[in-house]
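Analysis of the macromolecular model
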Amino acid sequence: MATGFFTDTTLCIGCKACEVACKQWNELPSDGFSFTGDSYDNTVELSGTTWRHVAFVEQIAATPDGVEDRWLMSSDVCKHCENAGCLEACPTGAIIRNEFGSVYIQPDVCNGCGYCVVSCPFGVVDLIDSLGGTAKYSTANLQESRLDASKTALAHTGGVAGKCTLCYDRQTLGMVPACAKACPTDSIQFGDVATLRERAKERVTTLHARGETSAQLYGADDIGGGIGTLNAFFLLKDRPSVYNLPERPVLPSTRQPDGYAAAAVIAVGLAIAGWAIFRSA
Amino acid sequence: MNDEKPLLKAPHWGANVTTYLFLGGIMGGLGLIQLLCDPRDESMRKLRRTTRIASFLLAAVNPPILISHLGRPERFLHMMRIVKLKSPMSVGVWGLVLYSGAAGANMVRELAQSGVLPSWMRHFAPHALTFAQAVLGAFTAGYTGVLLSATAVPLWAAGKRHIPAASISSGAASACALASLLSVIEGNHEACVKTERLEMVASAVEFAILMDFRRVSGDYGKPMFEGPRAEKFRTVTLIGGIAVPIALNLLGQILPLPKPVDAARTVVASVLTLLGGYVLRETFIESGKASAAVRQTAISQPT
Amino acid sequence: MGRGGATAWVPDLANADCILIQGSNFAEAHPVAFRFVMQAKERGATIIHIDPRFTRTSALADIFAPIRSGTDIVFLGALVSWLIENKRYFHEYVSAYTNASFVVRQDFQDTDDLDGLFSGWDAASGSYDTTSWDFERDAQGQIVTDETFEHPRCVLNVLRRHYARYTPEMVENTCGIPVATFTHIAEILAANSGRERTTAFAYAVGWTQHSSGVQFVRCSALVQLLLGNIGRPGGGIMALRGHADIQGATDIATLYDLLPGYLPMPSALRTESTLAEYLASNQKKTGWWANMPKYVVSQLKAFYGKAATPENDFCFSYLPQLIGDHSMLPTTFAMKDGNVRGYFVIGQNPGASGQNAELVRSAMERLEWFVNIDSFENETSSFWNREGADPSTIATECFFLPAATVLEKEGTMTQTSRMLQWHDKALEPAGTSKTDLWYFYELGKRLKALYADSSDEKDRPILDMTWEYDDPDEPGEPGEPSARKVLQEINGYVTATGEQVASFADLKDDGSTASGVWIYTGVFPDATTNRARSRVGDDSTSLGWGWAWPANRRTLYNRASADPLGRPWSERKKYVWWDETKGEWTGVDVPDFPKTKAPDTPAIAGASGMDAHSGADPFIMLAQGRAQLFVPAGELKDAPIPAHYEPLQSPIHNALYAQEVNPMMRQWRRPDNRYNDSPHDYPYVLTTYRITEMSGIMTRYIPWLAELQPEAFCELDPELAVEKGIRNGEYMVISTALGEMEAKALVSGRMRPLRINGKRVHQIGIPYNYGRMGFARGDSPGELIALSMDPNVSIHESKSLTCNIRAGRRAPLATPDIEMAVPAQMRTTIGESVAHGAQ
Ligand SMILES: Nc1nc2c(c(=O)[nH]1)N[C@H]1C(S)=C(S)[C@@H](COP(=O)(O)OP(=O)(O)OC[C@H]3O[C@@H](n4cnc5c(=O)[nH]c(N)nc54)[C@H](O)[C@@H]3O)O[C@H]1N2
Ligand SMILES: Nc1nc2c(c(=O)[nH]1)N[C@H]1C(S)=C(S)[C@@H](COP(=O)(O)OP(=O)(O)OC[C@H]3O[C@@H](n4cnc5c(=O)[nH]c(N)nc54)[C@H](O)[C@@H]3O)O[C@H]1N2
Ligand code: SF4
Ligand code: SF4
Ligand code: SF4
Ligand code: SF4
Ligand code: SF4
Ligand SMILES: [Mo]
């Protein structure tokens, strides 16, 4: 039985409790303190040290009474793809599919090659530099204990790929992932993926019936490009690209046959040319 | 605001990976050249020895380069935990290891034959390894392209055929350039004539592939063919690394130049080709980074 | 309505058919409670948000209407008018449960007669003589009523006239809410009220931090009463309390003019030198408050134990007496003027979150000593080395006592539903930190030791104080007082046996019972039951979860959820009703009514206590048992019916009356507290608020939170940004007559200029949570806001101001001029006169 997330963005209030809960549970360091000016999003993107990211999309309509204005919020996370680009790409076998059906990075196996980073069609996984580099805050001001607390989990690794574990450790203890637990409005729902999918489809029907016709699922069904379904899928209020999600993600490994074939054609061609040149007097 | 947000992660790769890919290409090309050499011909025998020694040395420096990227030596060994056909990085590393083996054995035979090593050691490598090194070489040069194209980086993905094809032809051209250079140093002019001819063919093919890539890649190709990076790519690779060496080599083939001048011509052409080959890889990597930041192409990824 | 807490409880919001959120950024400031708003929404409720800014709450609401800050009474008043004129109020409820039919005295004059003033205004003292704000009485002293609502002076008609000029057009021209939006909202509210449906209101400090803050809230009560939504499931007015235990802090009296349990503090300004005099001036003769003597005496017994006897007035004379307004703002001025010697600051950071924060910090330089108990060093504790200060010239002796945080101690917190919940200690206090309880217990013990040998009469209060909170049975830090024992004393006990008292109904006025806080009686009903610890939830009212005062009631005045005859208004909204067969009130909540008092019980004319109320008078805490649409004399200082006044600093003239601002508001016009008197120089409306990611110094020091909103920012609309050359993400300066601050600009279409009477009005907003320390830092709007306050509860006006803005950064702060000459007549002594008023 695979477990995963149904993130219902129609319920998200943008409180970022999921972001904080994830960082706290996983003892991930802060990514520094810089103001982006991009709505209320100072996190910007998922990264090796940010495994939940709440996107804020301001859609301000031109009507003078403001009734049409929308401010979309959505908590993004690793999709735990059915066919995961990162998992396929990983040369060390550090990325595995665990007993909960999640795509899990074993930090002690990962060698930091960074190949998974470029192989995720959703731009999720990233390398965590050695901590000296990521911890951008001024240590002069930080009480040592807190600095240590935010470093411990990563201290033994230094230079590995990082992304959501779907709270593997918590799941093995029968606990709900930290982000879902913290979400006050049940925007993040955790559970058996098949059940969640059914619930999500019902929810879309309800929303459509209410007139919210732009409500759509992302990744509950085969998303195409060879990726299949997503164990962490979403209910969106607008097109995926509005939330910075790819409309047409493609599983990178699907391109390999073409690549090898093209290389072989040229290799053979050059070999023949070379044979002709070298064997001539 | 949202339009500026990156969707994909940029590669973390820099000069060491560029070098790794570049050397992988040359190794591949050298594998082909050592196969093509007819040992009955003195100059070709010399060329075969040179290319075999060079290919092994290159194969030997590549792991340290990879390790410099990974940070710690034991991390290279993690690559050896598994063989994963779906992962170009995994098969590539294994390809490299096998190639090193073949190149090493072939070099030992070469050295045994020329008396540097005890002559019984010539049996160290069966003849089949000559062919094996060539095939593995082709693989090594080609996989460096597949490694890039089988990713989500839009530019690389859009070049799913072109980049492997360009990698292998550029690898062959660079290998020829290196072989010419070494031959000139050795005074093996006969060999040089042949490697330069092959280089011209390989470079022409590379040029054609890159031009075709430019034509078909559309928006996906922009980070490579337009903007500030394109300038360097054009001057160093397309003009300096392909057009000029082709012209120089053609000159060498047609005009009977005095020896020292001809040698200088070869040196210049070869160095330019090698530089062009390096900058091609650098362009792939750096434009790949830029491409990952182009939101529109990340939203609708190349199939 | 007679109690110091919200009438509603948070999870009950899920039962609402419509929720009007106004004066609160519910989703951002109360995200966990907002869960229940989302549940209501999922069940089909309409969510309406009215706010100067489009916030995360607006994003989730079905309807958002932007409003000019400080004009809510115009909107709410227009709703009152609309409901009355269109006869859309809940007639049966209004006539039975409110004082709508009471006839107002003939000599009462309204704002329309006096252009913004009510009768009784005394310009000399700057206050009202409120005698005329009362009801007409017949020869027997009974209030004259007119159930037909025809009498021109019955409350409903007084309201009708008072709000006649609060039209939808007035709303559009004053608040900036279009007429169509207003009527749409009015229709929705009316459609979702009545027998079958209920609407809930939710507000917080967006309504209170105004010079007429109390009247904003009052006006919402008018609307909810007319709609018949008080005391019913999914109804009520949800006052969202702030800090985790702010409800508890008001219950147990951190306010200067209250004793625990909302008993008034004795005052030397009234004649209250004996218990009898005190009761005479404060006890209401009718309604539940007639029981006041029991609560006062029990409290004195809890304070002074055996020493409190009937003979010595239960030590009533030990209590301090008020000699004026000792609230925070006047005290700050007194401190600045050298009239305060020492200052305890415990768990507060006025140096950043206070208004005129520099006044606060520089006032502290005049102190002889300063004690700060806090978990963090903050802008207040470090006032002596703040930017611009010269420590070598500051003589204040400072003590910093490190406080254990909430995780490092046990005890209860009272949350916004008036619910006490016990929390255990999860960690040992870090370093040398001690709990606040330990500090106070220790202070008391040491004072007792210091005075042990005194025979001076004035030292008796300390010597007689009961102070035994050690508990040998409880393992813990040596010397750590037992929070359980404190809670047991708060609950109360029988003095003779020490047995716990189960209910405040058992408290006596003869000294046989002791109880620290009568409203909390029942939380610890016997020696072993701590109901704040209980955690049994269910799908309904979850009476087994925690314990809510009073008597574990969740919805206050829930008698009103049944009709006058005691039957549920509808099956759908069934809650508490009269069970004919058992002869008692029953339902899913604890009835807020005498259990066996039948609905048809008549009121006994001239009787005292609850007998003066009939079985159909739900508002048991009020003298007449009826909710007050018109507040009679003496209960509020500034108005018996809410009237709109502009904020003290506003770019707009009052469109309703010549009287611009609340005549009773307190102002301090001094060189160190300058107001923006020229709208021309300060043309933009400024409002302040909080954001989810930040609280105060605590969050600014937590990297995980600090990174989420890493710097102070200012929200402004794109049009204004272009006009002023301010670029998104870059620095801008906000200025007032008081000072300047800088912040990063956050330009967003969520901020929208309004059209007010043909004039374009821009509003900008700044979160108040920042300060100059921590990882996330920046200037606080407290640097811009001069002190002024509301007359009833001494709240500052920090939600509606004016300012000017420009691109760029502010100048570095210079050495503060604490010696700034303040003319003698502008200075403040400790406990200054309580009469406020226009200056
Ligand atoms: N994350 C977080 N949560 C908190 C706190 C915190 O610091 N951080 N603080 C807690 C505390 S102490 C409190 S008191 C509560 C306060 O809770 P809220 O009152 O909900 O919070 P605010 O953000 O101060 O103000 C609410 C809204 O009032 C709007 N407003 C301003 N002026 C007016 C006006 O004239 N009319 C109307 N209708 N709206 C107006 C503001 O734009 C703002 O959106 O929050 C508590 N919750
Ligand atoms: N302009 C503007 N100003 C405002 C407001 C506004 O909306 N606009 N809101 C106002 C409101 S509603 C409020 S409530 C105030 C809030 O203002 P403050 O009460 O000053 O707010 P905090 O920054 O939360 O300060 C709480 C302090 O308590 C400390 N603390 C935390 N836990 C403990 C503990 O267990 N023991 C002790 N001893 N200390 C502890 C913290 O470290 C911190 O220093 O700000 C007010 N100021
Ligand atoms: S979203 Fe990306 S990182 Fe996550 S499983 Fe899929 S490919 Fe891997
Ligand atoms: S960085 Fe680690 S997890 Fe990612 S592909 Fe390389 S070894 Fe695998
Ligand atoms: S499942 Fe766990 S690791 Fe993944 S985002 Fe949630 S809290 Fe973080
Ligand atoms: S915790 Fe839930 S509501 Fe809050 S931002 Fe995350 S997903 Fe949204
Ligand atoms: S900070 Fe605490 S009190 Fe406020 S919403 Fe979160 S859990 Fe509730
Ligand atoms: Mo507050």
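Thresholds, definitions, all that
Residues numbered from 1 in each chain as written. Chains lettered and ligands numbered in written order. Predicted model: local features only at pLDDT ≥ 70, side-chain atom pairs only at ≥ 80, totals over all residues. Heavy atoms only, no water. Pairing = 2+ DSSP bridges. Helix = DSSP H or I, 4+ residues; strand = E, 2+ residues; numbered from the N terminus. Axes fitted to C-alpha atoms, helices over the stretch in contact; angles between N-to-C directions. Contact = heavy atoms within 4.5 Å. Buried < 20%, exposed > 50% of the residue type's maximum accessible area, 1.4 Å probe, protein only. Phe/Tyr/Trp six-rings, centres within 6.5 Å; stacked < 30°, edge-to-face > 60°. Domains from an automatic or database assignment. Buried area = accessible area lost by both parts, 1.4 Å probe. Salt bridge = Lys/Arg side-chain N within 4 Å of Asp/Glu carboxyl O. Polar contact = N/O pair within 3.5 Å; in protein donor to acceptor, adjacent residues only side chain to side chain. Nonpolar A, V, L, I, M, F, W, Y, C, P; charged D, E, K, R; others polar. pLDDT = per-residue confidence, 0-100. Near = heavy atom within 4 Å. Areas by Shrake-Rupley, 256 points an atom, 1.4 Å probe, with all protein chains shown as cover. Parallel < 35°, antiparallel > 145°, perpendicular 65-115°, else oblique. Left-handed = near helix turned anticlockwise from the far one by under 90°.

Some remarks on the sheet that holds strand β10 (residues 342-346) of chain C
All names here are of chain C. Taken in spatial order, the three strands line up as β10-β11-β12 in an open sheet, and their pairing is parallel. Each end of this open sheet is capped by a strand with a single partner; those strands are β10 and β12 (397-402). Averaged over neighbouring strand pairs, the angle between their axes works out to 10° when direction is ignored. For strand β11 (residues 369-374) and β12, the ladder comprises six bridges, and the chain directions are parallel. Counted as the bridge partner of Trp369 is Glu397 from β12. The strands that helix α18 (residues 436-451) touches are β10, β11 and β12; relative to β10, the one it contacts most, it runs at about 150°.

Details of the pairing of strand β2 (residues 46-51) of chain C
Residue and element names in this part refer to chain C. For β2, a buried count of six out of six residues is recorded, marking the element as mostly surrounded by other parts of the structure. Relative to strand β3 (residues 63-66), β2 is paired through four bridges, and the arrangement is parallel. Across the sheet, Ile48 pairs through a bridge with Ile63, a residue of β3.

Considering the sheet that holds β2(C)
The strands making up a sheet associate through hydrogen bonds between their backbones, and the pairing can be parallel or antiparallel. Residues and elements named next belong to chain C. Taken in spatial order, the five strands make up an open sheet running β3-β2-β1-β6-β7, and their pairing is parallel. Strand pairing shows two members of the sheet lacking a second neighbour, β3 and β7 (237-239), which therefore form its edges. Direction aside, neighbouring strands of the sheet carry axes that sit 15° apart on average. Set on the sheet, helix α2 (residues 34-42) makes contact with β1 (18-22) and β2; between it and β1 the angle comes to about 140°.

Some points on the packing of aromatic side chains
All chains considered together, the criterion is met by 60 aromatic pairs over all chains. Where A:Phe100 meets A:Tyr168, the ring centres are 5.8 Å apart and the plane angle is 65°; that geometry is what we call edge-to-face. Separated by 68 residues along the polypeptide, A:Phe100 in the loop between β4 (95-97) and β5 (103-105) and A:Tyr168 in helix α7 (residues 168-172) bring together distant segments of the chain. On the numbers, 6.0 Å between centres and 35° between planes, the contact of C:Tyr262 with C:Trp549 is tilted. Taken together, the positions of C:Tyr262 in the loop between β8 (258-259) and β9 (263-264) and C:Trp549 in the loop between β17 (547-548) and β18 (576-579) put the pair 287 residues apart, joining distant regions of the chain. Here C:Tyr262 and C:Trp549 have matching classes, each one buried.

Description of the environment of B:Ala166
In this structure, B:Ala166 sits in helix α7 (residues 162-186). Note: C-alpha distance between B:Ala166 and B:Leu210 (44 residues apart in sequence) is 6.7 Å.

A few points about the domain arrangement of chain A
Residues and elements named next belong to chain A. For chain A, the assigned domains are domain 1 (3-250) and domain 2 (251-281). Taken together, the contact between domain 1 and domain 2 spans 11 residues of the former and five residues of the latter. With both sides pooled, the region where domain 1 packs onto domain 2 buries about 490 Å², and carbon together with sulfur makes up 58% of that total. Three residues stand out in domain 1 for area buried against domain 2, namely Glu88, Ser119 and Val250, and they jointly supply 69% of the buried area on that side. One can count zero salt bridges joining domain 1 with domain 2. Counting the contacts that link domain 1 with domain 2 gives two residue pairs in polar contact (both at pLDDT 80 or more). Here the side of domain 1 that touches domain 2 is built from residues that sort into five nonpolar, five polar and one charged.

Remarks on the environment of C:Arg68
Residues and elements named next belong to chain C. The residue Arg68 is located in the loop between β3 and α4 (72-85) in this model. Accessibility expressed as a relative area gives 1% for Arg68, which makes it buried. For the pair Arg68 and Ala403, spaced 335 residues apart in sequence, the C-alpha to C-alpha distance is 41 Å. Setting aside anything within four residues of it in sequence, one finds Arg68 in contact with Thr174, Cys175, Glu646, Ser650, Ile652, Leu754, Ile756, Val761 and Gln763.

Description of the confidence of the model for chain A
In the predicted model, chain A carries a mean pLDDT of 88, and 87% of its residues have values of at least 70. Note on residues 130-158 of chain A: pLDDT under 50 across the span, and 50 contacts to partners over four residues away in sequence or across chains.

Section: the site of ligand 4
Contacts to ligand 4 come from A:Cys90, A:Pro91, A:Thr92, A:Ile95, A:Cys110, A:Asn111, A:Gly112, A:Cys113, A:Gly114, A:Cys116, A:Leu127 and A:Ala161. Among the residues forming the shell around ligand 4, the class breakdown is eight nonpolar, four polar and no charged.

Some remarks on the interface of chain B and chain A
Every contact between the two is made by 72 residues of chain B and, on the other side, 66 residues of chain A. Interface area for chain B against chain A, summed over the two sides, is near 5,500 Å², with a carbon-plus-sulfur share of 58%. With a shortest N-O distance of 3.3 Å, B:Lys9 and A:Glu45 are connected by a salt bridge. For the pair chain B and chain A, the interface holds 33 residue pairs in polar contact (both at pLDDT 80 or more). Take the side of chain B that touches chain A: its biggest share by element is nine residues, from helix α8 (residues 189-225) of chain B.

A closer look at the site of ligand 1
All names here are of chain C. Around ligand 1 lies a shell of 32 residues, among which Asp51, Gly70, Asp72, Arg690 and Met694 are the nearest. The backbone of Met694 places a nitrogen or oxygen atom 2.6 Å from a nitrogen atom of ligand 1. Coverage of ligand 1 by the protein chains reaches 94% of its 900 Å² of free accessible surface. Elements supplying a minimum of two residues to the shell around ligand 1: α1 (26-29), β2, α10 (205-208) and β21 (684-689). Sort the elements by how many residues they give to the shell around ligand 1 and α10 lands first, with three residues. Among the residues making up the shell around ligand 1, the classes are represented as 10 nonpolar, 16 polar and six charged.

Some points on the packing of α8(B) against helix α10 (residues 259-292) of chain B
Residues and elements named next belong to chain B. The N-to-C vectors of α8 and α10 enclose an angle of 25°; their axes lie 12 Å apart at closest approach. Taken together, the axes of α8 and α10 lie roughly parallel to each other. The crossing of α8 and α10 is left-handed. The segment α8 lies against α10, with His189, Cys192, Glu196, Glu199, Glu206, Leu210, Pro223 and Met224 engaging Lys259, Arg265, Thr266, Ala269, Thr273, Leu280, Thr283, Phe284, Ser287, Ala290 and Ser291. In terms of residue class, the contact of α8 with α10 is made up of eight nonpolar, six polar and five charged.

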